[in-house]
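Topology and contacts: notes
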Amino acid sequence: MVFKMTMHPALDGDCIQLSWGETDTLHHLFVDLGRGKTWKSVHPILADLGQIELFVMSHVDADHIAGAVPMVRQDAPPFTPKRLWYNARPQLEEAHHRLQRVEPFGPRQGEKLARGIAKFQWPQNGEFASGIVSTDSLEAGAPIALPGRLTLRLLSPGDRELADLLPVWDRDLERAGIRAFDPDEDENPLDDIFEPLSGAPDVDTLAATPYKRDDAEANGASIAFVAEFEGKRVLLAADAHSEVLEAALRPLADAEGGTYRLDLLKVCHHGSKANTSPEFFRMIDCTRFAFSTNGTRRHKHPDAETIARLLKADPNREKVIYFNYDQPSARKWKSRLLSSLWSYHAVFPAPDENGRLSIDIG
Ligand SMILES: [Zn+2]
């Protein structure tokens, strides 16, 4: 049996593949397509895979969705997912109306991606009668089954997060990263903005830095879920808000004696310190953490505070921290001294595979 997660080269974003089942009849799901450049490297993989049970566009930030823009420019769908989860403007509007308890109405103007998806006739949000991928949709009350005995438990977003994005979507398309013709100016070469390596991180000081929450609406609207196969669980957190995840996890943690067991966490928002609170780490029972980011752009993810929090939350058990790029913000955790002090092992991709890392979950 196989249950594995692969982080594809998404530069500073996410392109996550989950595969499960028997070796010769694997099922797959994808979350996001990273930057424009990511499309070039993953589209042959997507075209070859065949059984794509679910394709998720977690939210509309460019580091998750820009790779879908070249995809929808094609006349014919380059692959055919059996299911698609994506909350575009019509779903935000529906969520807004559902909160107001009025009948949905209004023209269904999708954005470019929504039109592209309509052109491909991909079945969008079919698991939800309302058409909204939301924890407030009835179907999200229980795990949703996919073929091959995988179940998905939706943790984010709720209607509130979707409705909050609506005015931002209209006002701020540029920030939402779905401008009609994204110029792919994101394709900066990797190395020229890297900082020189700084000193070893001081875990105690970093972990004591006060947590300040992310208030970006697009991130709050992220589709995040726990996928479970043969009793093993992975949480794919996209860029969701920590508070939204905590609210969804709390009853699950209570039912398991206070902490929710996970076999792997795709850490939220590329390891931003604003998206994984100390409280979040206290709610989960997890020793394996994966970070998807090349550390470029102003954020230089992952934030050292996030890694310090996870080490501090569980200092004695042996932990594994996976990075899909060998880059300075990750590399500073390669220290043997830190590894032995805080009981962890840092895993990096092979040099010729920088950006791509597969992790066995089972
Ligand atoms: Zn992101």
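Above: the structure in question.
Our subject in this report is the structure included herewith. (Residues numbered from 1 in each chain as written. Predicted model: local features only at pLDDT ≥ 70, side-chain atom pairs only at ≥ 80, totals over all residues.)

Overall, mixed pairing links the eight strands, which are arranged S6-S7-S8-S9-S11-S13-S14-S15 in an open sheet. Lying at the two open borders of the sheet, with one neighbouring strand each, are strand S6 (144-146) and strand S15 (344-347). The mean inter-strand angle of the sheet, taken between neighbouring strand axes irrespective of direction, is 20 degrees. The sheet contact formed by strand S9 (residues 232-236) and strand S11 (residues 264-266) spans three bridges and is parallel. Within S11, the position partnered with Leu235 by the bridge is Leu265. (Pairing = 2+ DSSP bridges. Helix = DSSP H or I, 4+ residues; strand = E, 2+ residues; numbered from the N terminus. Axes fitted to C-alpha atoms, helices over the stretch in contact; angles between N-to-C directions.)

As a further point, take unusual backbone geometry. Cis geometry is adopted by the peptide bond preceding Pro157, which originates at Ser156 and carries an omega value of 0 degrees. Structurally, the position occupied by Pro157 is in the loop between strand S7 (150-156) and helix H6 (159-171). For the bond from His301 to Pro302, the omega torsion is -5 degrees, close enough to zero to count as cis. Within the secondary structure, Pro302 is located in the loop between strand S13 (288-291) and helix H12 (304-313). Residue His270 is not a glycine yet carries a positive backbone phi of 55 degrees. Locating His270 in the fold gives a position in the loop between S11 and helix H11 (278-283). By the C-beta count within 10 Å, which is 26 here, His270 ends up buried. (Buried ≥ 20, exposed ≤ 12 C-beta atoms within 10 Å, placed from the backbone.)

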